[in-house]
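Inside the fold
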Amino acid sequence: MLYRQERFILAILLWVAAGASAPYATYMFVRYGLIAALWSILLSLLLFVAALLCTHINDRLNATMDEEDDSDTDTEAAGVSDAHEAGLRILRIAQQSPLRGHVNERAIIVSINGEMPSTAAEANGLMVEGTNHIEWMGPNGKVLTSTVECHGEDIMAQFEQITPPRRKT
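Let me sum up the structure you'll find in this document. Everything numeric here is computed off the predicted structure, so don't read it as measured data.

Basis of the calculations
Residues numbered from 1 in each chain as written. Predicted model: local features only at pLDDT ≥ 70, side-chain atom pairs only at ≥ 80, totals over all residues. Heavy atoms only, no water. Buried < 20%, exposed > 50% of the residue type's maximum accessible area, 1.4 Å probe, protein only. Helix = DSSP H or I, 4+ residues; strand = E, 2+ residues; numbered from the N terminus. Pairing = 2+ DSSP bridges. Salt bridge = Lys/Arg side-chain N within 4 Å of Asp/Glu carboxyl O. Axes fitted to C-alpha atoms, helices over the stretch in contact; angles between N-to-C directions. Phe/Tyr/Trp six-rings, centres within 6.5 Å; stacked < 30°, edge-to-face > 60°. Core = buried A, V, L, I, M, F, W, Y, C linked by side-chain atoms within 4.5 Å.

Digging into the pairing of strand 1 (residues 87-93)
- Of all seven residues in strand 1, five are buried, a share of seventy percent or more.
- In the sheet, strand 1 pairs with strand 5 (residues 157-162) via six bridges, with the strands oriented antiparallel. When the bridges of strand 5 are listed, Ile90 appears paired with Phe159.

Now the structure itself:
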């Protein structure tokens, strides 16, 4: 994927080419008539359409990238600076995991059956045979609750331990 500046340069080059082709198409039309200038007029129209399309795509990609950056910043801020300064962030969930479909990847586990795990081993230990209640924080910082059925298997998820930031004294 092209970076923002490279896409911007591509759009500028397309607009310059489209702008430069318009006077040439006009000259060809005035000098030789419509039939002789048809190819230059079509080329000019094609360049203008390509420039408009490139600009539209750039705007949408920039908006999407900005939303993702804001979402990542919000997730990090909510996960560390909120009331839950330590915990487990889910990095990946296996296909066979009991968590699949109930908890999102990148979520922060707040509690499993009322207790807050600090390691993956503790999270596995807190899961009981049958119904489990898991509280987790989504990317928007909202704490959600899921009910998960577990039949003695491992959680089958990869976690990242979140530690509170060090405070300067």
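Having put the structure on the table, let's press on.
Notes on the pattern of salt bridges
- Considering all chains together, one arrives at one salt bridge under this definition.
- Salt-bridge contacts for Glu160 lead to Arg89; the nearest nitrogen and oxygen are separated by 3.4 Å. Taken together, the residues Glu160 in strand 5 and Arg89 in strand 1 connect sequence positions 71 residues apart.
- Owing to a relative accessible area of 8%, Arg89 belongs among the buried residues under this scheme.

Side note on the pairing of strand 2 (residues 108-112)
- By the criterion of burial, strand 2 is predominantly enclosed, with five of the five residues buried.
- With two bridges connecting them, strand 1 and strand 2 associate as antiparallel partners. When the sheet's bridge partners are listed, Arg89 is paired in strand 2 with Ile108.
- Note that strand 2 and strand 3 (residues 130-137) share four bridges and pair antiparallel. Directly across from Ile109, in strand 3, lies its bridge partner Trp136.

Considering the sheet that holds strand 2
- Taken in spatial order, the five strands make up an open sheet running 4-3-2-1-5, and their pairing is antiparallel. What marks the edges here is a single partner per strand, and that holds for strand 4 (143-150) and strand 5. Between one strand and the next, the sheet's axes are offset by a mean angle of 40 degrees, whatever the strand orientation.

Focus: the packing of aromatic side chains
- The final tally for this structure, using the stated rule, is two aromatic pairs.
- Ring plane angle 70 degrees and centroid distance 6.1 Å describe the contact between Trp15 and Phe48, whose orientation is recorded as edge-to-face. You can see Trp15 sitting in helix 1 (residues 4-32) and its partner Phe48 sitting in helix 2 (residues 34-81), a full 33 residues away along the chain.
- Using a relative accessible area of 33% as the deciding quantity, one classes Trp15 as partly exposed.

Overview of the nonpolar core
- By size, the foremost hydrophobic cluster in this structure holds 17 residues, and its most contacted members are Leu99, Val103, Ile109 and Ile134.
- Of all elements in the fold, only strand 1, strand 2, helix 3 (120-126), strand 3 and strand 4 reach the threshold of two or more residues within this core.
- In terms of residue count, strand 1 provides more of this core than any other element does, three residues in total.

Topic: unusual backbone geometry
- Of note in this structure, Arg106 is not a glycine but carries a positive phi near 75 degrees.
- With respect to the secondary-structure elements, Arg106 resides in the loop between strand 1 and strand 2.
- A positive phi angle is found at Asn113, which is not glycine, with a value near 50 degrees.
- Within the fold, Asn113 resides in the loop between strand 2 and helix 3.
- Given a relative accessible area of 30%, Asn113 falls into the partly exposed group.

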